[in-house]
Structure formats: C-alpha cells, structure tokens
Amino acid sequence: MLRKFGSAGVLAAIAGCASVQKQATTTAAGGGGGSDGADTTSTIEGGKATAWVARPSAEEKSIKQNIDQFNGQSPHTLEMSDISDLGKKTSSAIPAGQGPHTFEWAHDWIGDYYQSGFLADQSGKLDVSLDTFTDAAAQAVQFDGATLGLPTSAETVALLYNKEYVDSPPKTVSEMVDIMSEHHDPANGTYGLSYPLTPYFISGWAQAYGGYYFDPDKDPMLGLSKPETIKGFNLVADTFTKYMPEDTTYGPQASVFSTGNAPLAINGPWYLATLREKNLDFGVAELPTPDGGTPTPYTGIQLWYFSKKMQKDTPATNAARSFIEWYATNTDLLLEIAEKHGFIPVHEDLAGSDELPANVKGFSEAARQGIPMPTHPKVKAVWDPVKNAFKTALNGDESMESAMAGAEETIRSRWES
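Residues numbered from 1 in each chain as written. Predicted model: local features only at pLDDT ≥ 70, side-chain atom pairs only at ≥ 80, totals over all residues. Heavy atoms only, no water.

Caption draft 1: View of the overall build of the protein. When its secondary structure is counted, the protein shows 14 helices and 15 strands. Evaluated residue by residue, the protein yields a buried proportion of 55% over its 417 residues. Considering only intrachain contacts with a sequence separation of at least 6, the fraction spanning at least 24 residues in the protein is 76%. On the protein, roughly 17300 Å² of surface is accessible, and the fraction owed to carbon and sulfur atoms is 45%. (Helix = DSSP H or I, 4+ residues; strand = E, 2+ residues; numbered from the N terminus. Buried < 20%, exposed > 50% of the residue type's maximum accessible area, 1.4 Å probe, protein only. Contact = heavy atoms within 4.5 Å. Areas by Shrake-Rupley, 256 points an atom, 1.4 Å probe, with all protein chains shown as cover.)

Encoded structure:
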C-alpha cells in the first residue's frame, strides 16, 4: 500500500529557501538610450502555473494554505486542483497538451511517464542542488540522466510497537518472535502481529538476503525465483503469518493493532493518523534484523513532477519551478508536514533529525534501511504476479519456488505482449 502523500500547515518565512521573489538587476553603461548610468531594478515577470494533487481532505486544506503562502510572497501565482483519479487524468490530459505544469505523486511513475513524453527534464535549470536531499530521494527523481522533479518526503514500512505490551522494540527477528509468541492468543482476540501482506509490505524481508524483485541493471532483471529472494519470502510465510489474523488484507490487519489487540505491527506513516485518533501509546523503529540478513524495504519518494508543460521557458514554467524549489527546500514547511501529517522529510537537514516528532523520526530512520522502488516502466508488470504467487504459496497450493518461477513467466509474457 502506498499513500500518495499529502502535506502541510501554515508556513514560516522562506528565508534560507529557494527564492520566490527573484529580481533582475541591470546596470546601464553611461551614454546612449537616455541612460545616466544608474542601476535599474525590475521584478521578474510573474507567471501563472497549475498544479494537480490527490489528497485526503485534511491534507488538501494544508496544501491550499501552502499555496496561498507562496502566492502571497511571490510575483507568481499557482492554481491547484484536487484530482480524484490522478493517474488516469494525467495520462489522458498531458498527451493532449492539457493538464498541469506540475503534479504531486510518488516517484514510481517517473520511468513510464518520461518515456511516454509526459515530463520535462529540468537539468541545468534549477537553483536547487540535488545534494540538498538524501541520496535515495535524489536518485528517485532522476531517470536516464534527466531530473524530472524535486522530492519532498518519503515513506516506507517500519516496526510499530504498543508500549502497553513492549517496553522497547525488538532489534532482531528472534526477539520479535519471543514477543509475538508471548502475546498471541486468538481465542481471546489478541494476536502477535499486525501485518498486511502485499509485495510492498514484504519487500524488506524478500530483499534481506541479497534477493530482489526487479532490477534493470542486473542479469536477470527478475530475481523472484533466486534462492536469496525465496529465503526472504519464506521468512514471512513461515515465521510471521502464524502470529497474524487469518485475513491478511490491510483493513483486518491494521485494525488489530489500532484497537490495542497486538503488541507489534508492520505498517507505514499513513497509519499514524489512525493510531493518534485511537490514543494508542506506541513507538516506531527500524525493521528487526533476521539472522544472516539485513531488512531492505522499498521506499517511496513523494515529489513535485515537472510536467510536459514545463518544457518551454515561459513565465508559467518559471512559476511552477519557483514553487517547487520553494516547497522542496523550505525546512519550516517540511517540519510542519512531519508534525501535522506524519510525512518523512528527505531534506538532509531534517532526515533523522531530533527536531522531528519521535514516531516520524522512527520512520525516517527506517527509510534509511530501504531502497527506492524501481522506476523502470517494466516494473508495472511485476506487482500483481508477485502478489498472486505469494498468496498461492501461502495457501499451500504450490511451493514458494514454483509459485515465484510461475510469476516470472507471467511477467515476461506481459513484457512481450
């Protein structure tokens, strides 16, 4: 499950961030044209740009506040629309020469959208260095040497622990098993673990021993049937599922922990709002370490995309670029996002910082365990076959090796069709 982020509250001044009010100063040499050699200063021409987002209501309210702040301090104007089906709408509007100058989404669309001609490379045109952001975030906004957006926040899954049951989080899977087995009592409505089983959620274990789902830089690109990946899949199937509710979908799993009926959960930062509403006393920590492995979960990076409309150097393009630079580098804004909505900053000055709320800091540290989701267009064909194969193996209909080998065959056939 990926929350396709939202953001933030009322902002402080933008000192230290990318400037939203750029001025061009020209000094005329004495003589001709009526010049007397005095300095003349002119404000850059204001442009009007459009932005599309897809947010829950609380986050929509916040982004409107952000944009109002920008518009009030800038010669530019940004107009926002909240779009219910952003993927469908961008895929139809952008090729028709319509759509926004920028839109907000996770980074996993970058490869497909760039190769489809939906995006504008802004390399060499930015006033912001990618060194401003974590390595994973900087990597996520690039494809084939093009810079296609600026990152704002991250997400990944981490370990959550209920402090009523657990004083401190387990550091190893062995310690995790001890806690789960102690509290697992389905007859009385308690379970050892709350854990939705989707390819994204289980990626940390599948890739813990050197395995991988898909990597365009490796041969083979598909690693689902590699022994290292199978070992990770089996860790989930053999070690964790026995302590979970039988229904492994998101809703039933998430509710067990949020209602105080499990000591441990594996979930993402989108879950924080629910837990706060329930007044649960909980903590967040990195995924525990399995014997002989290192958890390596997929991370998602939220960014403002540079849409096709930004290919031309126009006042509107300047407006969109100015807003994106301002938003992505405004540490006051990013801290407000973290405090109000649980977003994980990717700005180097905030990532893992003690300034962050404790639970957001826990997710920030967990995100450093991970690797960005692949952006290659071929990865789209991977997710459903992995989900179906894991379910088949979990139900005992096939071995994990056979099910994942079948998933690879399905994926290759889809690539060829």
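That was the structure; now back to the text.
Caption draft 2: Structural view of the packing of helix 7 (residues 227–240) against helix 13 (residues 383–394). Where helix 7 contacts helix 13, the two axes come as close as 11 Å, and the packing angle between them is 50 degrees. Taken together, the axis directions place helix 7 and helix 13 in an arrangement best described as oblique. Helix-helix and strand crossings are classified by hand; for helix 7 and helix 13 the assignment is right-handed. On the side of helix 7, the interface is formed by Phe233, Val236 and Ala237, while helix 13 contributes Val386, Phe390 and Leu394. (Axes fitted to C-alpha atoms, helices over the stretch in contact; angles between N-to-C directions. Parallel < 35°, antiparallel > 145°, perpendicular 65-115°, else oblique. Left-handed = near helix turned anticlockwise from the far one by under 90°.)

Caption draft 3: Examining the pattern of salt bridges more closely. On inspection of all chains with the given rule, the structure shows 7 salt bridges. Here Arg55 and Glu104 are joined by a salt bridge, their closest N and O atoms 2.6 Å apart. Linking Arg55 in the loop between strand 3 (48–53) and helix 1 (57–73) with Glu104 in strand 5 (residues 102–106), this pair joins segments that are 49 residues apart in sequence. Here Arg55 matches Glu104 in class, with each residue buried. A salt bridge links Lys387 to Asp384; the shortest N-O distance between them is 3.8 Å. Residue Lys387 and its partner Asp384 are located together in helix 13, separated by 3 residues, close to a single helical turn. On the basis of relative accessible area, Asp384 is assigned to the partly exposed category, the value being 42%. (Salt bridge = Lys/Arg side-chain N within 4 Å of Asp/Glu carboxyl O.)

Caption draft 4: Layout of the packing of aromatic side chains. By the definition in use, this model includes 26 aromatic pairs. Geometrically, the ring pair formed by Tyr200 and Trp270 is tilted, given 6.4 Å between the ring centres and 45 degrees between the ring planes. Here Tyr200 is found in helix 6 (residues 199–206), whereas its partner Trp270 is found in the loop between strand 11 (264–267) and helix 9 (272–277), with 70 residues between them in sequence. Here Tyr200 matches Trp270 in class, with each residue buried. One Lys or Arg, Lys231, reaches over the ring of Tyr209 and ends 4.4 Å from the middle of that ring. (Phe/Tyr/Trp six-rings, centres within 6.5 Å; stacked < 30°, edge-to-face > 60°. Lys NZ or Arg CZ within 6 Å of the ring centre and 35° of its normal.)

Caption draft 5: Region of interest: the sheet that holds strand 9 (residues 158–162). A sheet is described by the order of its strands in space; here 4 strands give the open sequence 10-11-9-12, paired in mixed fashion. Only two strands of the sheet have a single partner each, and these edge strands are strand 10 (193–194) and strand 12 (282–285). Across 2 bridges, strand 10 lies against strand 11 in parallel orientation. Bridge pairing in strand 11 places Leu193 opposite Leu264. Docked against the sheet, helix 5 (residues 173–183) engages strand 9, strand 10 and strand 11, running at close to 120 degrees with respect to strand 11. (Pairing = 2+ DSSP bridges.)

Caption draft 6: Layout of the side chain of Ser203. Tracing the sequence through the fold places Ser203 in helix 6. At a separation of 2.8 Å, a polar atom in the side chain of Ser203 contacts the main-chain carbonyl oxygen of Tyr200. A distance of 3.0 Å separates a polar atom in the side chain of Ser203 from the backbone nitrogen of Tyr298. (Polar contact = N/O pair within 3.5 Å; in protein donor to acceptor, adjacent residues only side chain to side chain.)

Caption draft 7: How the structure looks around the environment of Leu150. Mapped onto the elements of the fold, Leu150 is located in strand 8 (residues 149–155). For Leu150 and Phe133, which are 17 residues apart along the polypeptide, the C-alpha to C-alpha distance reads 9.0 Å. Dropping the residues within four chain positions of it, Leu150 is found in contact with Leu126, Val128, Leu130, Phe133, Val141, Gln302, Leu303, Trp304, Phe306, Ile324, Glu325 and Ala328.

Caption draft 8: Examining unusual backbone geometry more closely. With omega at 5 degrees, the peptide bond leading from Asp219 into Pro220 counts as cis. In this structure, Pro220 sits in the loop between helix 6 and helix 7.

Caption draft 9: A look at the environment of Trp109. Within the secondary structure layout, Trp109 lies in the loop between strand 5 and helix 3 (110–115). For Trp109, a relative accessible area of 15% gives the class buried. As a C-alpha pair, Trp109 and Tyr305 span 196 residues in sequence and 9.7 Å in three-dimensional space. For Trp109, the residues in contact, after removing those within four places along its chain, are Leu86, Gly87, Thr90, Phe103 and Tyr305.

Caption draft 10: Broad picture of helix 7. In this model, helix 7 (14 residues) spans 19 Å end to end at C-alpha, consistent with the 20 Å of a helix rising 1.5 Å per residue. Against the buried residues of helix 7 lie helix 5, strand 10, helix 6, helix 13 and helix 14 (400–416). (Expected span 1.5 Å × (residues − 1).)

Caption draft 11: Region of the structure containing a negative patch on the surface. Taken together, the side chains of Asp131, Asp135, Asp332, Glu339, Glu348, Asp349 and Glu355 present a region of like negative charge at the surface. By relative accessible area, which is 66% here, Asp135 ends up exposed. (Patch = residues over 30% accessible without salt bridge, like charges linked within 9 Å, V, L, I, M, F, W, Y side chains within 5 Å. Lys, Arg positive; Asp, Glu negative; His and termini not counted. Charge placed at Lys NZ, Arg CZ, Asp CG, Glu CD.)

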